[in-house]
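# Close look at the chain arrangement
Spelled out, the chains give:
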Amino acid sequence: MYALNDNGQQYHVELSKGDVGRYVILPGDPGRVERIAKFLDNPRRVACHREYVTYTGSLDGVPVSVTSTGIGGPSTAIAVEELIAVGADTFVRIGTAGMVQDYFDLNDCIIATGSVRDEGTTRQYIPLSYPAVAHYDVVDALRRAAKRCGKTAHVGIVQSKDAFYGEAEPESMPNEPVLRYQWDAWKRGGVLASEMESAALFVVSSIRRVRAGCILNNRGDMDETIRVAVEAVRDLIAADRKEEN
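How each quantity is defined
- Residues numbered from 1 in each chain as written.
- Predicted model: local features only at pLDDT ≥ 70, side-chain atom pairs only at ≥ 80, totals over all residues.
- Heavy atoms only, no water.
- Phe/Tyr/Trp six-rings, centres within 6.5 Å; stacked < 30°, edge-to-face > 60°.
- Buried < 20%, exposed > 50% of the residue type's maximum accessible area, 1.4 Å probe, protein only.
- Helix = DSSP H or I, 4+ residues; strand = E, 2+ residues; numbered from the N terminus.
- Expected span 1.5 Å × (residues − 1).
- Axes fitted to C-alpha atoms, helices over the stretch in contact; angles between N-to-C directions.
- Left-handed = near helix turned anticlockwise from the far one by under 90°.
- Contact = heavy atoms within 4.5 Å.
- Nonpolar A, V, L, I, M, F, W, Y, C, P; charged D, E, K, R; others polar.

### Overview of the packing of aromatic side chains
The final tally for this structure, using the stated rule, is 2 aromatic pairs. Summarising the aromatic geometry, the rings of Tyr103 and Phe104 are spaced 4.8 Å apart at their centres and angled 40° between planes, so their arrangement reads as tilted. On the accessibility criterion, Phe104 (12% relative accessible area) is buried. Measuring from ring centre to ring centre gives 5.0 Å for Phe164 and Tyr165, while their planes differ by 85°; the resulting arrangement is edge-to-face. With relative accessibility at 43%, the residue Phe164 sits in the partly exposed group.

### Side note on helix α5 (residues 176-188)
In a regular helix each residue adds 1.5 Å, so 13 residues correspond to 18 Å; α5 covers 18 Å between its end C-alpha atoms and thus fits that length. Positive backbone phi, approximately 85°, marks Gly190, located one or two places after α5.

### Description of the packing of helix α2 (residues 73-85) against helix α6 (residues 198-207)
Running from N to C, α2 and α6 point in directions that differ by 35°, and their axes come no closer than 8 Å. By crossing handedness, the relation of α2 to α6 is classed as right-handed. Only Ala200, Leu201, Val204 and Ser205 of α6 make contact with α2, whose side of the interface consists of Gly73, Thr76, Ala77, Val80 and Glu81. Residues belonging to the contact of α2 with α6 are distributed by class as follows: 5 nonpolar, 3 polar and 1 charged.

As structure tokens, this is what we get:
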């Protein structure tokens, strides 16, 4: 099912079974991978190809990995598909977002329960009537971790889009009236923030029967957001151990 390179690795991420843990933290930016990996025990770089950089370390004795997805749905879907192929089954996305609502403080974070599928990648997987939703286990772990870390977290729906400048500079687009109308609809509907990857992550994960969640930063201290995500993974590890025993 999955394309392999000449070394028998997944074609895009250049990973094989055993390279990653079942728990994977997913930043978009390759430059954030090493920064996140420093929160793990004994991290090491295991792959670097295109936009996909992967480090693997451990938390509480369990292998945990960090893989960058690049920007947008297409590269995110590829990363998730290929990580699943080599054994991952639990994903926590860390990213930044543009705020749709205007009541957030700079250091607040957002935990996505679902995503508006305002992008094109997931339409090639399944009709738009299928929801893009996070897995309850991951949402709950992120919510509890944020509380322990003293981080204000807003929990709710976000929007995933393809065109960054459609949000940033709608006046430059021929489609400006539609973009402004939709933005107003998202805001009135309580959508919290806008980003570019969560819909692909949630839809692919749901279809493939794995778990995924997403925490977003409002231009605040990224290390604080990373700490929440890492603590959430610790909670998931503990809960999975308990269930397995």
